[in-house]
Amino acid sequence: MTDLDFVSIYVPSDFTWYPDFRRPIKTQPPKDTDDLLSYSLFRSHVLLAICDTISYMEDPSLKDDRHLARFVIPRDEVLGDKASKLLASGWGLSLQVGGYYGLRSAVTNRVRAIQHLLTVTAMKPLDADRLIEDHPHLSATFFDDLREFGDVFEHIYGRRQKWAACFDELEIAPDPVKIPIWQSGRSFDPRFLIKISASPYDGSLTELLQPQMPMVAHDFLEVDLSSQARREVDRFSQRMFTKLCNEVGISPIKAEHLLGPSFYDDGFDPDVDRPSNVTSASLQRSVRRGRGARLAPDGFYNRKFRGLARKDSSFLRYLAKHNINPEGMAALPEFQKASLIRKIISTVIVRDEFLFQHQTQNSEAGRSRRFRAKKSVSRIYTGAFSLFTLCEGNPRWIIGLFRPLIADLVQMRDVSAVKAISRTEQTKRIERTIATFLTLLSTLRSSHRGQSAKSIIELVEQLGDFCFEQVLGQDFNPEPILSFTIDRNVGKDVYSAVGRAINQGALVLVPQKGLRRGDPEAASSAPGNIWGKRVRLSFLLAPRYRLPLVLGRSVDLSPVLRSNPPIATPSEQLILGDLFSTGERTLI
């Protein structure tokens, strides 16, 4: 906040910018006419946002805020009247009342006038050139409006202010609005920053913006919010969890006190439904501990290593190859514990949890392997930090998952006596959260050039089944493939499905490192373009496909889809019973 040097003008995208949304009579006027009126509606909303920003800056209570006090302007009727008249003249408005209230009222009247034109053009066709001739304000641009505002503000208040025009959810804006906003960042006004919030994928942008496509690092800086470091996810999730608890009068010091430890922590035991002892520590610290540590003889990691070695001959061979003795893991040098163990522990935990048929070195080739039937989500995905990881730092998922769990505590007579939310309740809530999410995805279809194409849920199921086999296949795989690069051999229908899956949160973009200028895939850094990007399944889906909460290796997407065709194309909405089968899965 101390380094903040600009005032934001916030402009959220609005469906009322679409003429069809506003027009009372459903007809189809000329496209140029609709594009012109759509842009004019957007421009009017920019003017309203400027009026709102001035109102916020006049708030006298901000004078006591040590960070925001420097942005406050005096609430002076004389100055406000003078500024409103200058702005009304520059914006082509008819001002009936002075001051900023009168200015806002004039903008509102402009919106009503555009609404009238939308109705008129529905009843009789009017070309765009005729409209501009009769209504000159329709030819104005939003960046000229912003520049006019900057000039007037500097003249009235005697200071040069820096501004940030913030356009939110730009992917849902009409095409005539998207184009000038994206292109405005190339050359505009040094007093104004353009900030755009948009989904990673927008299939229409490349075609709309060519040949004036802005590029990352050349024309704008990209801030990727798709995937964050685990420590940032944990910190944000912890704060949101505490806030949700405070709403109902519960004040846990840490989320682990109510949710219990996860398999990231010492003291984790999925067989204990209501854990009470919480001991969180990094693996490096844990390996120095004695009894109770994850790698100690009685520790969770140690038990998982020994358990999998007994039932999986391929894992036993892997341990022998790397000179790891499950019976003596606590005696390994610390650098080995930190490298070898951390590398495979998540896969070991998942594989031991679900693989239960004993395998010997003399097992017949091709023998079927069964996987433990699960009527619900496994408890290995419970505990504070595992739940945080599942939610990916997504506020909606955090609220949707944790608020019902916290609400159940409030129903109890003695809340103070509850030491933790049971793992049983946690698994039920995870299950319903996944069911709700996948049911939503099953209602969405990808479309390419107006034709029905590959569905998002079909794509997710293909990738989920592929990852399942990577983790629970015939042989132990220390580095399973759990992420995919969107290569140029991916078909357009799949490309569209992948993009929409990213926008919906089913797939998560993995931050790219080391991409150099001139790289063949550098064009993927253009807005809305996902060629060459690396993606993985959302961790929220890991319990369904029995996957570890890790990134995994990456391969090109197209060969994966070709070699793993979908078992069946989903044609109806999924229900809870579809998501967590009560039968056993068999892999040949």
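Treat the numbers as computed from the prediction; the structure is a model and nothing was measured.

> Before we move on, could you go through a nonpolar patch on the surface and cite the residues and values that matter?
A surface patch of nonpolar side chains, about 330 Å² in accessible area, is lined by F15, Y18 and F21. On the basis of relative accessible area, F15 is assigned to the partly exposed category, the value being 48%.

> Provide a residue-level description of helix α9 (residues 230–247), including the pertinent values.
Along its 18 residues, α9 runs 26 Å from first to last C-alpha, staying within 8% of the 26 Å computed at 1.5 Å per residue. Buried within α9 are the following residues: V233, D234, S237, Q238, M240, F241, L244 and C245.

> I'd like to hear about the pattern of salt bridges, residue by residue, with values.
As enumerated under the stated definition, the model contains 29 salt bridges in all. As a salt-bridge pair, R191 and D189 come within 2.9 Å of each other at their nearest N and O atoms. Exposure remark for D189: the relative accessible area of 9% places this residue in the buried category. Close ionic contact of E353 with K304 constitutes a salt bridge, the shortest N to O distance being 3.4 Å. Of this pair, E353 sits in helix α14 (residues 334–354) while K304 sits in helix α12 (residues 300–311), placing them 49 residues apart in sequence. The pair E353 / K304 is uniform in exposure class, with both members buried. Members of the salt-bridge network, linked through shared partners, are D144, R147, D151, E154, R160, D189 and R191.

> Just give me the short version of the confidence of the model for the chain, but keep the residues and values in it.
With 82% of its residues at a pLDDT of 70 or more, the chain shows a mean pLDDT of 84. Note that pLDDT drops below 50 for residues 516–523; the model gives that stretch 11 contacts with residues more than four away or on any other chain.

> Summarise the sheet that holds strand β9 (residues 534–537); cite the residues concerned and give the values.
The four strands are arranged β8-β9-β7-β10 in an open sheet whose pairing can be described as mixed. The open sheet is flanked by β8 (507–510) and β10 (553–556), the only strands paired with a single partner. Neighbour-to-neighbour, the strand axes of this sheet turn through a mean angle of 40°, independent of strand direction. As defined by bridge partners, strand β7 (residues 481–485) adjoins β9 across three bridges and the pair is classed as antiparallel. When the sheet's bridge partners are listed, F484 is paired in β9 with V535. Here helix α18 (residues 456–472) sits on the sheet and contacts β7, β8, β9 and β10; the angle it forms with β7, its principal contact strand, is near 135°.

> So what's going on with the packing of helix α2 (residues 31–57) against helix α6 (residues 142–157)? Residues and values would help.
Two numbers describe how α2 lies on α6: the axes approach to 10 Å, and their chain directions differ by 25°. As summarised for this structure, α2 and α6 are arranged roughly parallel, according to the angle between their axes. As α2 runs across α6, the sense of the crossing is right-handed. Contact residues: Y39, F42, R43, V46, L47, I50, I54 and M57 in α2; F142, D145, L146, F149 and F153 in α6.

> Give me unusual backbone geometry: which residues, what numbers.
Even without glycine at this site, N323 takes up a positive phi of about 55°. Mapped onto the elements of the fold, N323 is located in the loop between α13 (313–321) and α14. Backbone geometry places R546, a non-glycine residue, at a positive phi of 60°. Relative to the helices and strands, R546 resides in the loop between α20 (542–545) and β10. On the accessibility criterion, R546 (7% relative accessible area) is buried.

> Talk me through a negative patch on the surface; I want residue IDs and the actual numbers.
Together, D32, D127, D129 and E133 make up a negatively charged patch on the protein surface. Here D127 lies in the loop between α4 (99–123) and α5 (128–134). For D127, a relative accessible area of 48% corresponds to the partly exposed category.

> Describe in detail the packing of helix α16 (residues 395–410) against helix α17 (residues 423–442), supporting the description with residues and values.
One can describe the packing of α16 onto α17 by two numbers: an axis separation of 10 Å at closest approach and a directional angle of 145°. As for the relative orientation of α16 and α17, their crossing is right-handed in sense. In contact with W397, G400, L401, P404, L405 and D408 of α16, α17 contributes E425, Q426, R429, I430, T433 and F437.

About the cut-offs
All chains use their own residue numbering, which begins from 1 and follows the written sequence. In keeping with the model being predicted, local features are shown solely for residues with a pLDDT of at least 70 and side-chain atom pairs are shown and tallied solely at 80 or more, while totals for entire chains, interfaces and linings include all residues. Calculation of side-chain values draws on the structure's entire complement of heavy atoms; hydrogens and water are dropped beforehand. Residues form patches when they are more than 30% accessible in relative terms and have no salt bridge. Like charges link within 9 Å. Nonpolar side chains (Val, Leu, Ile, Met, Phe, Trp, Tyr) link within 5 Å. Methods summary: accessible areas were calculated by the Shrake-Rupley approach with a probe of 1.4 Å, and residue burial reflects only the protein chains presented. Salt bridge criterion: a side-chain nitrogen from Lys or Arg within 4 Å of a carboxyl oxygen from Asp or Glu. Partly exposed residues are those whose accessible area sits between 20% and 50% of the maximum for their type, while under 20% is buried and over 50% is exposed, using a 1.4 Å probe and protein chains only. Here a strand is any run of E in DSSP of at least two residues, a helix any run of H or I of at least four, and the numbering for each starts at the N terminus. Between the first and last residue of a helix there are one fewer steps than residues, each counted as 1.5 Å, and that sum is the expected span. The pLDDT value tells you how sure the predictor is about a given residue, anywhere from 0 up to 100. Note on definitions: a residue-residue contact is assigned when non-hydrogen atoms from the two residues lie within 4.5 Å. Any two strands with at least two DSSP-identified bridges between them are counted as paired. To get an axis, a line is fitted to the C-alpha atoms, and for a helix only the part in contact is used. The angle between two axes follows their N-to-C directions and goes from 0 to 180 degrees. In what follows, roughly perpendicular refers to angles from 65 to 115 degrees, roughly parallel to angles under 35, roughly antiparallel to angles over 145, and oblique to any angle outside these ranges. Crossings are sorted by hand: turned counterclockwise from the far helix by less than a right angle, the near helix makes the crossing left-handed, and turned clockwise it makes it right-handed. Think of it this way: Lys and Arg go in the positive column, Asp and Glu in the negative one, and His and the chain ends go nowhere. All charge positions are set by atom: Lys at NZ, Arg at CZ, Asp at CG, Glu at CD.

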